[in-house]
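Analysis of the macromolecular model
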Amino acid sequence: MRIPIRIRLTAVYCSAFLVVIAILAVGTYASVRAAVHTIVDHELNSRLDGVDDHLTRHVQRLGWPELSKSLALHPAFHPGLLRIADAGGAVLFEGTSIRGSSGGRNGGTPAFETISHGDQRLRVLGVRRTIQGQTYDLTLGTDLLIPGAILDRLWLVMLLSIPAVLLAASWAGYWISGRALEPVSAIIAAARSIDSTKLNERIAVPNTGDEIQQLAATTNGMLDRIEDGVRHIRQFTADASHELRTPVAIIRAAAEVTLLNRSANERTYRDALQRILHESEQSSKLLEDLLSLARADSGAERLEHEAVDLRTSVTAACARIMPLARTRGLAVKIPPHQSALWVDANEGQLRRLWLILLDNGLKNTPAGGSIQVATGTTQDGRPFCEVIDTGVGIPSEHLSRIFQRFYRVDKARVRSERGAGLGLAIAFEIATLHDAVIDVQSEPDRGASFRVTFPRRHAVVMAHVS
Ligand code: ADP
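Residues numbered from 1 in each chain as written. Predicted model: local features only at pLDDT ≥ 70, side-chain atom pairs only at ≥ 80, totals over all residues. Heavy atoms only, no water.

Quick look at the sheet that holds strand 12 (residues 448–453) now. What holds strands together in a sheet is hydrogen bonding between their backbones, with the strands either parallel or antiparallel. Strand order in the open sheet made by the 5 strands is 7-9-10-12-11, with mixed pairing throughout. Every interior strand has two partners, whereas the edge strands, strand 7 (331–333) and strand 11 (437–442), have only one. Strand-to-strand twist in this sheet, taken as the mean axis angle between neighbours without regard to direction, amounts to 15°. Judged from the 7 bridges that link them, strand 9 (residues 370–377) and strand 10 (residues 383–389) form a sheet pairing that is antiparallel. Opposite T377, over in strand 10, you have P383 as the bridge partner. This element, helix 6 (residues 310–327), spans strand 7, strand 9 and strand 10 of the sheet and lies at about 180° to strand 9. (Pairing = 2+ DSSP bridges. Helix = DSSP H or I, 4+ residues; strand = E, 2+ residues; numbered from the N terminus. Axes fitted to C-alpha atoms, helices over the stretch in contact; angles between N-to-C directions. Contact = heavy atoms within 4.5 Å.)

Shown next as structure tokens:
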């Protein structure tokens, strides 16, 4: 069974309160009781001194029958609660209220005790004194009726007030925890009302400087990130649909125009099919790119890593673009034979990364230019590979955005020459999957240079792989 936090807080609060109040009540009662006994005992001692003094002065002069009478006439001695016996135990004087009680017969050791006598409770002091050469056992008592009544009343008041105080404490605890949890309830209500259509809404952050403020601010931070993620996904979907719509429209138009052309001959059909084939290929590539980005986003892609020689990998990619580069009048410069530079990577993905960078170099470098690759190790021992071209370059205001999905620098460029703006985004994801950093340096008309730097721990020492 789930008990609401408010009830649990109240229960804990009340339990703690009950323990404290019980300790306080017992402590107070014990202290008052001890104080009452101290007062009573003090009064008994004073009376003892008075009786002692009286006996000292009159015991020899008056003799016991007279002395008993004089004692009985002194109310300050409380004669009803006074007993005097000689050393042999013979009672010389005994008040009516103490007669027959057991207290005070202690063989001479002075002692206080509380006894029950009939329906009375007595506090009794028993002392042995030697007066004028004679030994007497003196017993003085005090009726505890009034102090007992005071203590009983105190106990009763406490017993009755504990439930009342506890009730008040429960109510206060319930109210305080309700007040403390109010902002949490508000956050829950606000969070519940935010769905995918209202992702821009935020929870009000109370300026309390406590955990509640932190919770609201953290929840808002989380909503910021979710909103950002959803906006990216929506943008990605919109851009992808837009990119796919164009080739589909071209394919459809090519087919329709050709079919409507009554005088179409074999050449016309061939041209149309060529266009359709070209657009289909473009679409397939686009779909492949979208798929690989979606896979990277899902985080499900687990790459098999192995020791890969950066130089062999990039040289193989260069060899693949060489024929196309030649037809475009571009030189591809591969570094002369150098020793291998091993990294821990996925060979297929690395090859793809180089092809994207080399392909961009091809697309953006006019005839007569060159594309060069360079590999090496940074001063702090990180392996890197660089693709440098002498092409049109990238204006500085675009540099920070070219790795974004669907971002293209020159949107007016003829369609056959431009891609969908996904190449560098995929290159970025591949680099990220390898914990590598990809960065660019470029100036308009002075070419561009893309460098991929691997972390040091990805550098594989030759001995490990040979
Ligand atoms: P695309 O597939 O359209 O080439 P990319 O993501 O690969 O898209 O590149 C994004 C943009 O960056 C391109 O529109 C292009 O203008 C610019 N770009 C990329 N590489 C180079 C380069 N080597 N030289 C000049 N511009 C480049």
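On we go from here.
In the neighbourhood of the ligand, 18 residues make up the surrounding shell, with N360, K363, D389, G421 and L424 lying closest. Within the contact set of the ligand, an oxygen atom lies 2.8 Å away from a side-chain nitrogen or oxygen of N360. A distance of 3.0 Å is found between an oxygen atom of the ligand and a backbone nitrogen or oxygen belonging to G421. Surface burial for the ligand is 95%, taken as the share of its 540 Å² of free accessible area covered by protein chains. Take the shell around the ligand: its biggest share by element is 3 residues, from helix 7 (residues 347–364). Taken together, the residues of the shell around the ligand sort by class into 9 nonpolar, 6 polar and 3 charged. (Near = heavy atom within 4 Å. Polar contact = N/O pair within 3.5 Å; in protein donor to acceptor, adjacent residues only side chain to side chain. Areas by Shrake-Rupley, 256 points an atom, 1.4 Å probe, with all protein chains shown as cover. Nonpolar A, V, L, I, M, F, W, Y, C, P; charged D, E, K, R; others polar.)

Let's shift gears to the pattern of salt bridges. Side chains carrying opposite charge are able to pair once their charged atoms draw close together. Going through the model one piece at a time under the given rule, you end up with 22 salt bridges. For D228, the salt bridge identified is with R231, shortest N-O distance 2.6 Å. Highlighted residues: D228 and R231, both in helix 4 (residues 211–260), separated by 3 residues, approximately one helical turn. The exposure class of D228 is partly exposed, given its relative accessible area of 32%. Here E256 and R252 are joined by a salt bridge, their closest N and O atoms 3.1 Å apart. Residue E256 and its partner R252 are both found in helix 4; the two are separated by 4 residues, about one turn of the helix. Accessibility expressed as a relative area gives 40% for E256, which makes it partly exposed. (Salt bridge = Lys/Arg side-chain N within 4 Å of Asp/Glu carboxyl O. Buried < 20%, exposed > 50% of the residue type's maximum accessible area, 1.4 Å probe, protein only.)

Glancing now at the domain arrangement of the chain. For the chain, the domain assignment lists domain 1 (5–156), domain 2 (211–298) and domain 3 (306–459). Taken over C-alpha atoms, the centre of domain 1 sits 104 Å from the centre of domain 2. (Domains from an automatic or database assignment.)

A separate point is the pairing of strand 3 (residues 111–117). Sheet topology places strand 3 next to strand 4 (residues 120–131); 7 bridges connect them, and they run antiparallel. Across the sheet, the residue bridging to S116 is R121, located in strand 4. Linkage of strand 3 to strand 4, two consecutive antiparallel strands, is achieved through a turn of 2 residues, within which G118 is found at a positive phi near 65°.

Next up on the list: the pairing of strand 5 (residues 134–143). In terms of burial, strand 5 is largely enclosed, as 7 of its 10 residues are buried. Here strand 1 (residues 82–86) runs beside strand 5; their pairing, made up of 5 bridges, is antiparallel. Within strand 5, the position partnered with A85 by the bridge is D137. Taken together, the 10 bridges between strand 4 and strand 5 define a ladder with antiparallel strand orientation. Bridge pairing in strand 5 links V127 to L138. Between strand 4 and strand 5, which follow one another and run antiparallel, lie 2 residues, and Q132 among them has a positive phi close to 50°.

This part covers the packing of aromatic side chains. All chains considered together, the criterion is met by 7 aromatic pairs. Here the aromatic rings of W171 and W175 are separated by 6.3 Å at their centres, their planes lie at 10°, and the arrangement is stacked. In this pair, W171 and W175 are both assigned in helix 3 (residues 145–193), 4 residues apart and thus about one turn of the helix distant. Accessibility expressed as a relative area gives 59% for W171, which makes it exposed. What makes W175 partly exposed here is its relative accessible area of 45%. For the pair F403 and F428, a centre-to-centre distance of 6.0 Å together with 45° between the ring planes defines the contact as tilted. Linking F403 in the loop between helix 8 (396–399) and helix 9 (423–433) with F428 in helix 9, this pair joins segments that are 25 residues apart in sequence. Under the relative-accessibility criterion, F428 is labelled partly exposed at 36%. A connected cluster of aromatic rings, assembled from ring pairs, spans F403, F428 and F450. Here R405 stacks its cationic end above the ring of F236, 5.1 Å away from the centre of that ring. Just above the ring of F384 sits the side chain of R451; from NZ or CZ to the centre is 3.7 Å. (Phe/Tyr/Trp six-rings, centres within 6.5 Å; stacked < 30°, edge-to-face > 60°. Lys NZ or Arg CZ within 6 Å of the ring centre and 35° of its normal.)

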